[in-house]
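Below, each chain spelled out in residue letters.
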Amino acid sequence: MFRRTNALLGTDWSMHDLRHTAALRMSRDKRLTLRDVQTILGHAHLGTTADVYLVEEEEQVIARVQEYLADREERAKRPAPSAAAAGYEASDLAVLFGGGQP
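Below is a short write-up of the structure. In this text the structure is predicted, and so the values were computed from the model without any measurement.

Quick notes on the overall build of the chain
Next up, step 1: Along the chain, the regular secondary structure elements total 6 helices and 0 strands.
Next up, step 2: In the chain, the order of α-helices and β-strands from amino to carboxyl end is α-α-α-α-α-α.
Next up, step 3: Relative to the 2.2 N^0.38 estimate, which gives 13 Å for 102 residues, the radius of gyration of the chain is 23 Å and therefore markedly larger than a compact globule would have.
Next up, step 4: Each of the three principal axes of the chain carries a C-alpha extent, and together these read 70 × 30 × 20 Å.
Next up, step 5: Within the span of the chain, comprising 102 residues, buried residues form 12% of the whole.
Next up, step 6: Considering only intrachain contacts with a sequence separation of at least 6, the fraction spanning at least 24 residues in the chain is 28%.
Next up, step 7: Across the chain, the centroid of the 13 positively charged side chains sits 7 Å from that of the 15 negatively charged ones.

Rules behind the numbers
- Residues numbered from 1 in each chain as written.
- Predicted model: local features only at pLDDT ≥ 70, side-chain atom pairs only at ≥ 80, totals over all residues.
- Heavy atoms only, no water.
- Helix = DSSP H or I, 4+ residues; strand = E, 2+ residues; numbered from the N terminus.
- Rg over C-alpha atoms; globule rule 2.2 N^0.38 Å.
- Buried < 20%, exposed > 50% of the residue type's maximum accessible area, 1.4 Å probe, protein only.
- Contact = heavy atoms within 4.5 Å.
- Lys, Arg positive; Asp, Glu negative; His and termini not counted.
- Charge placed at Lys NZ, Arg CZ, Asp CG, Glu CD.

As structure tokens, this is what we get:
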């Protein structure tokens, strides 16, 4: 089937190409960890899964970083807790939650 399809489309895809595509799609699913993908692919080392199969497109990395930074800015705008929980100093909590300096 692959030979006929490749001949028709003028491509040279292989079953291994589909494996890479599956690995990329699984790695981008928030329900699966990289360890899950490693297990599914049968790799002995996590580095094989990460370094060989999970090459990221620069645009996607930039988009995720921008999303992270926007979320971080939004969290920084939220007010710090007003009352200290039992056993904690209010000043420590202010520093922890971004509401003040030590």
